[in-house]
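Examining the three-dimensional arrangement
These are the residues of each chain, in order.
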Amino acid sequence: MHIVVCIKQVPDAKNVRIDPDTHTLVRQGVESIVNPFDLFAVEAALKIKDASNARITVITMGPPQAEEALRDVLSRGVDDAVLLSDRAFAGSDTWATSTVLAAAIRKLGNVDLIFCGKQAIDGDTAQVGPETATMLDIPYATFVKKIESLDERHLKVTRQTDEGVEVWKVPMPALITVIKEMGEPRMPSLRHKMRAKKAEISVWGAADLGLDHEAVGLSGSYTQVVRVFSPSRRGNRVMIQGSVEEQVEELYKLLKEAKVPGL
Amino acid sequence: MDYFLTEEQKMIQELSAQIAKEKIRPVRAQLDENEEFPWEIMRILAQADLFGLYIPEEYGGMGGGILENCLAIEQVAQACIGIATSFAASGLGAYPILLYGSEELKHRYLPDIASGKRLSAFGLTESGAGSDVSSIQTTAVRDGDHYILNGTKQWITNGGEAEIYSVLAITDRSKGPRGASFFVVEKGDPGFSFGKKEKKLGIRASATRELIFRDCRVPADRLIGREGIGFIIAMKTFDKSRPGIGSLGVGLSQGALDIAVEYARKRVQFGKPIISFQAIQHKLADMAIKTEAARALIYCSARHMDTDPPDASKVAAMCKVFTGDTAMQVTTEAVQVLGGYGYMQDYPVEKMMRDAKILQIYEGTNEIQRNIIGQELNKEYGRIKESFF
């Protein structure tokens, strides 16, 4: 079985600041990390590898330094890594990113399963997984917390929804996006770390993927970030404390004072 | 400071430091409070390949030496020496097999110890035999294809948690110091049981129990080396393991120094951060000097010990004394720098100070180490014919 995990290198959210003048991320001095949700996706793939002889390839689209993120994941036990990097990819929105990832997965060929994190902590769109699956014309399941079972042609997954949980049987090849309940990502091991340090990482650009420059980067994007701003604070927040009964009573009083219609 | 470590050694440091920071620091206070054995951390260290750093590749290890092991122990110890002691004690239990075991014994036990699948422990101390090792009472009597062990070992680190025990017993009392032998005893062997878990001042995440042998039958092929060389095995094991104990002291000292400096930079009294006062600066300076000197001693000694030098016992004893005394001083001063906060359990330094004390006691008290150094000096200078006057 061949599994692909798509990851993204993101700025460590703990240290991110927005420049108040330019409204852009201050990246200087901010450490880059593997998107935490993607590490749960890596863990999902490694769990399957623990129980079978699966081969795992990790891919990422990003600048040359995104290679660090790939080596981090290799040090946790993933077999191979491919960096999708090209000046032409700069400015890609989720659609253009998915175009590149889908092309890379086609180029890898014979892929049975694709794992993504549910979303990246910098953009928070949760679109790239489903878009990539749609472009590959394969089924996908989002917000998966557990892989129940796996055979040659299907996998059974539990997905978390706002209403509860759903158990789906999905034919393969399929794309799965993963939430943190999948399990704590494992630490690197010394053997894998030594291998990761030396590993040859292939770099594929637009030409390698047979993609027109028009299809990727800014020109291949349907959306553009026009402006980033910090929302101004609206209204006052009131914390209501006490027992449930007291809280309900207090809330009712406040709503009534605010002349909410119907009260 | 640059200690000219290899790429691989730096990777060991980096990986162990990552585990210490991400996995150990968040749980150390709770494990200490609950006196809970750190099984989850042991599993993580095992998966990271850190249990077999000093074990040759042919037995499933990483093929490194004492320095590699010391680097990992130091980083783990920086977060918690209760956990680091449990980790390092598995090495102490493995060394008798590694140094003197038959090929068969090595192949049978070392791969599981190297992978961390099974923990190991070292059984020597008894109620009447601490510093005076020669007065041990546990006996092993040959009976056909077996030895029958009787006696009780006391204060055994990893006791009850480990599955593989290297145990010293008297095989022939009439031969005095040449009458002791080492055996591998497995958890589950008939007649082998454990006493209650001891309650301790520090390193409370580690487990300390009695090993009780009542007509415990072990197959004769579990004898390590041959009969009569038990004390030699014990001494050679300590030569290998004491730099590791030294690394526990270095890591603990560094952990305490880190917190003391960070606190001193933030804590404001009389309108200034307290690090601006010389009374505090000098304390921190002395803590830093001793910690770095202890580290330099350990790294140099660890490299030296991998060459099996003739002065191994003296150097091993120096490692243990200097780092243990350093850790006690540095952690005590760290509590002083933090003042009342340092004395409270809300900050980690009170635990570090409680933990430090054991480093001057276990694996040979620091008094015994000084005896060894003194005796070795006497022998060494006895061989030199030249006068220095």
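It should be emphasised that the depicted structure is a prediction, and the values quoted were computed from it without experimental measurement. Along each chain, residue indices are assigned from 1 in the same order as the chain's sequence is written. Going through the entries in the order they are written, you letter the chains from A and number the ligands from 1. pLDDT decides what is reported in this predicted model: residues at 70 or higher carry local features, side-chain atom pairs at 80 or more are listed and counted, and totals for whole chains, interfaces and linings draw on all residues regardless. The basis for every side-chain value is the complete set of non-hydrogen atoms in the structure, without hydrogens or water.

**Some points on the pattern of salt bridges**
Side chains bearing opposite charge may pair, as long as their charged atoms lie close to each other. All names here are of chain B. We apply this condition: Every case where a carboxyl oxygen of Asp or Glu lies within 4 Å of a side-chain nitrogen of Lys or Arg is listed as a salt bridge. Elements are defined by DSSP. Helices are runs of H or I of four residues or more, strands are runs of E of two residues or more, and each kind is numbered from the N terminus. Buried means the residue's accessible area, taken with a 1.4 Å probe over protein chains only, is under 20% of the maximum for its type, while exposed means over 50%, and partly exposed covers the values in between.
Applying the stated criterion to the full structure yields 41 salt bridges over all chains. Note that Glu292 is salt-bridged to Arg295, the shortest N-O span being 3.3 Å. In this pair, Glu292 and Arg295 are both assigned in helix H8 (residues 278-305), three residues apart and thus about one turn of the helix distant. Judged by relative accessible area, Glu292 falls into the partly exposed class, the value being 23%. Looking at Arg295, the relative accessible area reads 8%, which means it is buried. When salt bridges with common partners are traced through the structure, they connect Asp32, Glu35, Lys199, Arg204, Glu350 and Arg354 into a single cluster.

**Re the domain arrangement of chain B**
Often, the extent of an interface is quoted as the loss of accessible area upon association of its parts. Residue and element names in this part refer to chain B. Convention followed: Residue ranges for the domains trace back to a domain assignment, done automatically or taken from a database. In what follows, residue pairs with any heavy atoms lying within 4.5 Å of each other are defined as contacts. Accessible area, probed at 1.4 Å, shrinks when two parts are joined; the buried area is that loss added up over both. In protein, a polar contact means a hydrogen-donor-capable atom and an acceptor-capable atom, both N or O and within 3.5 Å, with residues adjacent in sequence counting only if both atoms are side-chain atoms; elsewhere, any N or O pair within 3.5 Å suffices. Under the scheme applied here, ten amino acids are nonpolar (Ala, Val, Leu, Ile, Met, Phe, Trp, Tyr, Cys and Pro), four are charged (Asp, Glu, Lys and Arg), and all others, including Gly, are polar.
For chain B, the domain assignment lists domain 1 (7-119), domain 2 (121-228) and domain 3 (231-381). Computed over C-alpha atoms only, the centres of domain 2 and domain 3 are separated by 30 Å. Listed as interface residues are 14 residues of domain 2 and, on the opposing side, 12 residues of domain 3. Between domain 2 and domain 3, the buried area comes to about 1,200 Å², and carbon and sulfur atoms account for 77% of it. Linking domain 2 to domain 3 there are zero salt bridges. At the junction of domain 2 and domain 3, the tally comes to two residue pairs in polar contact (both at pLDDT 80 or more). By residue class, the composition of the side of domain 2 that touches domain 3 is 10 nonpolar, three polar and one charged.

**Description of helix H4 (residues 66-79) of chain B**
As a reminder of what qualifies: Expected helix span is taken as 1.5 Å per residue step, with the number of steps being one fewer than the number of residues.
Here H4(B) spans 21 Å end to end across 14 residues, near enough to the 20 Å set by a 1.5 Å rise per residue. Burial within H4(B) is extensive, with 14 of its 14 residues counted as buried.

**What about the domain arrangement of chain A?**
Taken as a whole, chain A is organised into domain 1 (2-220) and domain 2 (233-263). The C-alpha-based centres of domain 1 of chain A and domain 2 of chain A are spaced at 43 Å.

**Regarding the packing of helix H3 (residues 94-108) of chain A against helix H4 (residues 128-136) of chain A**
Between two packed helices, both the angle of their axes relative to each other and the distance between the axes serve to describe the pair. Residues and elements named next belong to chain A. To keep things clear, this is the line we draw: Note on method: axes are straight lines fitted to C-alpha atoms, helices fitted across the in-contact stretch only, with angles between N-to-C directions ranging 0 to 180 degrees. Oblique is the label for any angle not covered by the other classes, which are roughly parallel (under 35 degrees), roughly antiparallel (over 145) and roughly perpendicular (65 to 115). By convention, the crossing between two helices is left-handed when the near helix turns anticlockwise from the far helix through less than a right angle, and right-handed when the turn is clockwise.
Running from N to C, H3 and H4 cross one another at 50 degrees; their axes reach a closest spacing of 8 Å. With respect to H4, the axis of H3 lies oblique. As H3 packs across H4, the resulting crossing turns out to be right-handed. For the pair formed by H3 and H4, the contact residues are Thr94, Trp95, Thr97, Ser98, Thr99, Leu101, Ala102, Ile105 and Arg106 on the first element and Val128, Glu131, Thr132, Met135 and Leu136 on the second. Partitioning the contact of H3 with H4 into residue classes produces seven nonpolar, five polar and two charged.

**As for the confidence of the model for chain A**
Under the convention used in this document: Confidence of the predictor at the level of single residues is captured by pLDDT, which takes values from 0 to 100.
Of all residues in chain A, 98% attain a pLDDT of 70 or more, and the chain-wide mean is 92. No element of chain A has a lower mean pLDDT than strand S4 (residues 25-26) of chain A, which averages 71, and none a higher one than strand S7 (residues 80-84) of chain A, which averages 98.

**A word on a nonpolar patch on the surface**
To keep things clear, this is the line we draw: Think of a patch as exposed residues, more than 30% relative accessible area, with no salt bridge, where like charges cluster within 9 Å and nonpolar side chains (Val, Leu, Ile, Met, Phe, Trp, Tyr) cluster within 5 Å. The protein chains shown are the only cover counted for residues, whose accessible areas, like all others here, come from Shrake-Rupley with a 1.4 Å probe.
A cluster of nonpolar side chains, namely Leu251(A), Tyr252(A), Leu255(A), Val260(A) and Leu263(A), defines an oily patch on the protein surface of about 400 Å² accessible area. For Val260(A), the position within the fold is in the segment after helix H6 (244-257).

**Let's talk about the sheet that holds strand S6 (residues 55-61) of chain A**
Residues and elements named next belong to chain A. Defined as follows: Pairing between two strands is assigned when DSSP locates at least 2 bridges connecting them.
Pairing in this open sheet of nine strands is mixed, and the strands run S11-S10-S9-S12-S8-S1-S6-S7-S13 from one edge to the other. For this open sheet the edge positions go to strand S11 (165-171) and strand S13 (202-204), each flanked by a neighbour on one side alone. In this sheet, neighbouring strand axes are inclined to one another by 35 degrees on average, regardless of whether the strands run parallel or antiparallel. Alignment of strand S1 (residues 2-7) against strand S8 (residues 113-117), held across four bridges, turns out to be parallel. Its bridge partner lying in S8, Ile3 is registered against Leu113. Along the sheet, helix H2 (residues 67-74) makes contact with S1, S6 and S7, crossing S7 at roughly 165 degrees.

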